[in-house]
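Single-letter residue listing:
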Amino acid sequence: MPKLLKVSEVADFTGTHERTVRRWIRDGRLGAVEHPSGLRVPRRSLWRFLGLDLALSA
């Protein structure tokens, strides 16, 4: 999995719509960075949002 994910990739991975992912970003629940070709979500931010970073570090 790439280190920076497109909004559409996050939506596919989480089984949600792109609008939902953009809302999470806008609300500050999911970290994202501006990229020349649009918003990108760092893989680590997605894991943290999903609560997987704790499970992976245990």
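Each residue is numbered by its place in its chain's sequence as written, counting from 1. Only residues with pLDDT of at least 70 are given local features in this predicted model, and only at 80 or more are side-chain atom pairs given and counted; all residues enter the totals for whole chains, interfaces and linings. Water and hydrogen atoms were dropped before computing side-chain values, which therefore reflect all heavy atoms in the structure.

- The protein chain appears in an unreviewed UniProt entry as MerR family DNA-binding transcriptional regulator from Deinococcus arcticus.

**Section: the pattern of salt bridges**
Thought 1: When a carboxyl oxygen of Asp or Glu is within 4 Å of a side-chain nitrogen of Lys or Arg, the pair counts as a salt bridge. According to the stated counting rule, one finds 1 salt bridge in the structure shown.
Thought 2: Here Arg 29 ties to Asp 27 by a salt bridge, and the two come within 3.3 Å at their closest N and O atoms.
Thought 3: Here the term buried applies to any residue with accessible area under 20% of the maximum for its type, exposed to any over 50%, and partly exposed to those in between, with areas from a 1.4 Å probe on protein chains only. The exposure class assigned to Asp 27 is partly exposed, which follows from its relative accessible area of 44%.

**A few points about the packing of helix α1 (residues 7–14) against helix α2 (residues 18–26)**
Thought 1: Between the N-to-C directions of two axes lies an angle of 0 to 180 degrees, each axis being a line fitted to C-alpha atoms and, for a helix, fitted only over the stretch in contact. A run of H or I in DSSP becomes a helix once it reaches four residues, and a run of E becomes a strand once it reaches two; helices and strands are each numbered from the N terminus. Relative to each other, α1 and α2 sit at 105°, their axes nearing to 8 Å. Taken together, the axes of α1 and α2 lie roughly perpendicular to each other. Touching Val 7, Ser 8, Val 10, Ala 11 and Thr 14 of α1 are Glu 18, Val 21, Arg 22, Trp 24 and Ile 25, all from α2.
Thought 2: Put simply, Ala, Val, Leu, Ile, Met, Phe, Trp, Tyr, Cys and Pro go in the nonpolar bin, Asp, Glu, Lys and Arg in the charged bin, and everything else, Gly too, in the polar bin. Of the residues assigned to the contact of α1 with α2, the class counts are 6 nonpolar, 2 polar and 2 charged. To sort the angles, those under 35 degrees are grouped as roughly parallel, those over 145 as roughly antiparallel, those from 65 to 115 as roughly perpendicular, and the leftovers as oblique. The contact definition used throughout considers only heavy atoms, calling two residues in contact when any of these lie within 4.5 Å.

**What to know about a nonpolar patch on the surface**
Thought 1: Like charges are joined within 9 Å and nonpolar side chains (Val, Leu, Ile, Met, Phe, Trp, Tyr) within 5 Å, but only among residues with over 30% relative accessible area and no salt bridge; these make up the patches. Note that accessible areas follow from Shrake-Rupley with a 1.4 Å probe, and for residues the cover is restricted to the protein chains shown. Together, Phe 13, Leu 50 and Leu 52 give the surface a local cluster of nonpolar side chains, amounting to about 240 Å² of exposed area.
Thought 2: With respect to the secondary-structure elements, Phe 13 resides in helix α1.
Thought 3: The exposure class of Phe 13 is partly exposed, given its relative accessible area of 43%.

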